[in-house]
Amino acid sequence: MRPALALPLALLLAGVSVWAARAPPAPPLVAVSLDAAPELRWLPALQHFDLGFLRAAMARILGDTVPKWVHVVMREAAGELERLLPRPFTAEIRGPCAVLNFSLADCVLLNLAYESTAFCTSIVAQDSAGHIYHGRNLDYPFGDFLRKLTIDVQFLKNGQIAFTGTTFIGYVGLWTGQSPRKFTISGNERDKGWWWENAIAAFFQRHSPISWLIRTTLSESENFEAAVYKLAKTPLIADVYYIVGGVSPWEGVVITRNRGGPADIWPLDPLNGAWFRVETNYDHWKPVPEKDDRRTPAIKALNATGQANLTLEALFQVLSVFPVYNNYTVYTTVMSAANPDKYMTRIRNLG
């Protein structure tokens with residue numbers, strides 16, 4: 001047995017790693033044609049789901065997540081939403097909302113609600129041959145609903161895959177995505193307090209929601225450097241961590257964002273031993289709270305695996321070690337932009 005594999009394998013055999021007795025399932029794979037009218041793009045995806053369940057899930061998340069004063073503000077501003085929302089998101093939200101009998105204001109709020117409480121672990125790493133790997137766990141309340149709403153989406157342009165992402169039905173943004181043979185992105189919440197107050201104010205200043213910028217970057221940026229620049233500089237409605245992986249050696253970075261711009265850029269530095277970066281929901285230069293230390297177990301598992309043994313499968317194992325993987329984990333995705341067909345999402349804690 002190679003020593004570098006001893007700890008992960010021991011964890012597996014001991015049952016400490018949280019692989020389920022059966023392999024976790026993949027979410028439904030849906031296609032969204034960017035050539036279709038925006039109002040129609042998501043309607044085929046709705047066919048995978050029970051509409052009654054969708055309505056109940058949306059109502060529960062809206063009721064439990066969004067403060068009452070935000071509902072009032074958004075309903076009073078309903079007439080302004082068309083002007084404020086960037087295209088094509090307004091129309092994309094409106095289409096499914098009409099089917100589900102929700103107002104545009106409520107559906108916009110639902111999209112913002114998903115932005116507010118996404119606790120995650122993201123890892124970008126380079127193996128000893130220079131290949132870049134990227135993985136993430138998305139941890140979220142309402143897992144009983146969201147595990148049943150998770151989808152992998154292939155966004156098509158002229159019949160070809162323009163980019164791929166993982167999201168929830170009814171949510172047009174992406175927290176996880178891949179532009180094939182260019183770059184990968186994940187986003188992690190950076191909680192600075194007063195989230196709704198700051199986010200709504202910035203929203204009415206036409207700042208971008210976090211997940212919408214990920215999707216726009218996947219659609220528009222031509223390479224890793226362009227993606228990093230757009231993610232670092234575009235004004236946002238809230239602080240966030242953006243984790244980006246490329247296709248060439250050294251192309252991996254954690255961007256710590258304030259609403260107005262970058263607070264910190266933390267790249268891979270493999271020549272000096274920094275062949276991976278782990279980001280949870282805390283600034284990397286500060287200690288993590290003891291009650292939520294996912295960083296240290298992830299670092300230990302990566303070091304035990306070793307750079308020479310890094311693969312997407314090994315990265316999935318790292319993301320399966322407690323408490324990196326925990327009761328709130330909705331899904332795990334591993335990806336490598338240089339090998340776009342290897343993009344893999346698995347639903348966790350299902351059943």
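The shown structure was predicted, so the numbers you read here are calculated from the model rather than taken from an experiment. All residue numbers here refer to positions counted from 1 along the written sequence of the relevant chain. A pLDDT threshold of at least 70 governs which residues receive local features in this predicted model, and a stricter bar of 80 or more applies before side-chain atom pairs are shown or counted, although totals over entire chains, interfaces and linings include all residues. Computation of side-chain values covers all heavy atoms of the structure but excludes hydrogens and water.

Looking at the overall build of the chain
Logical step 1: When you go through the chain residue by residue, the secondary structure sums to 13 helices and 13 strands.
Logical step 2: Expressed as lengths along the three principal axes of its C-alpha atoms, the size of the chain is roughly 65 × 45 × 40 Å.
Logical step 3: Counting every position in the chain, which comprises 351 residues, the buried fraction comes to 56%.
Logical step 4: Note on definitions: a residue-residue contact is assigned when non-hydrogen atoms from the two residues lie within 4.5 Å. In the chain, once contacts between residues fewer than 6 apart in sequence are set aside, the share between residues at least 24 apart is 68%.
Logical step 5: As displayed, the chain offers around 14500 Å² of accessible surface, 55% of which is attributable to carbon and sulfur atoms.
Logical step 6: Counted charges follow a simple rule, with Lys and Arg positive, Asp and Glu negative, and His plus the chain ends left uncounted. Charged side chains are reduced to one point each, which is NZ for Lys, CZ for Arg, CG for Asp and CD for Glu. Charge-centre separation for the chain: the mean point of 33 positive side chains lies 1 Å from the mean point of 31 negative side chains. Where helices and strands are cited, they refer to DSSP runs of H or I of at least four residues and of E of at least two residues respectively, numbered from the N terminus. Per-residue accessibility, obtained with a 1.4 Å probe over protein chains only, is compared with the maximum for each type, and a residue is labelled buried under 20%, exposed over 50%, and partly exposed between these values. All accessibility values rest on the Shrake-Rupley procedure with a 1.4 Å probe; residue burial counts only the protein chains present in the view.

Digging into the pairing of strand 5 (residues 160-168)
Logical step 1: We treat two strands as partners when DSSP finds at least two bridges between them. In this structure, strand 4 (residues 150-157) lies alongside strand 5, joined through eight bridges in antiparallel fashion. Considered in strand 5, the bridge of T150 is made with F168.
Logical step 2: Counting the residues between successive antiparallel strands, the hairpin from strand 4 to strand 5 contains two residues, one of them, N158, with a positive phi of roughly 55°.
Logical step 3: Sheet analysis places strand 5 next to strand 6 (residues 176-179), joined by three bridges and oriented antiparallel. For T166, the partnering residue across the bridge sits in strand 6 and is T176.

Some details on the pairing of strand 12 (residues 329-335)
Logical step 1: Burial analysis of strand 12 places seven of its seven residues in the buried class, the great majority of the element.
Logical step 2: As defined by bridge partners, strand 3 (residues 132-139) adjoins strand 12 across six bridges and the pair is classed as antiparallel. Directly across from D139, in strand 12, lies its bridge partner T329.
Logical step 3: Two strands pair when backbone bridges link them, and strand 12 and strand 13 (residues 344-347) are joined in this way by four bridges, in the antiparallel orientation. Opposite Y331, over in strand 13, you have I347 as the bridge partner.

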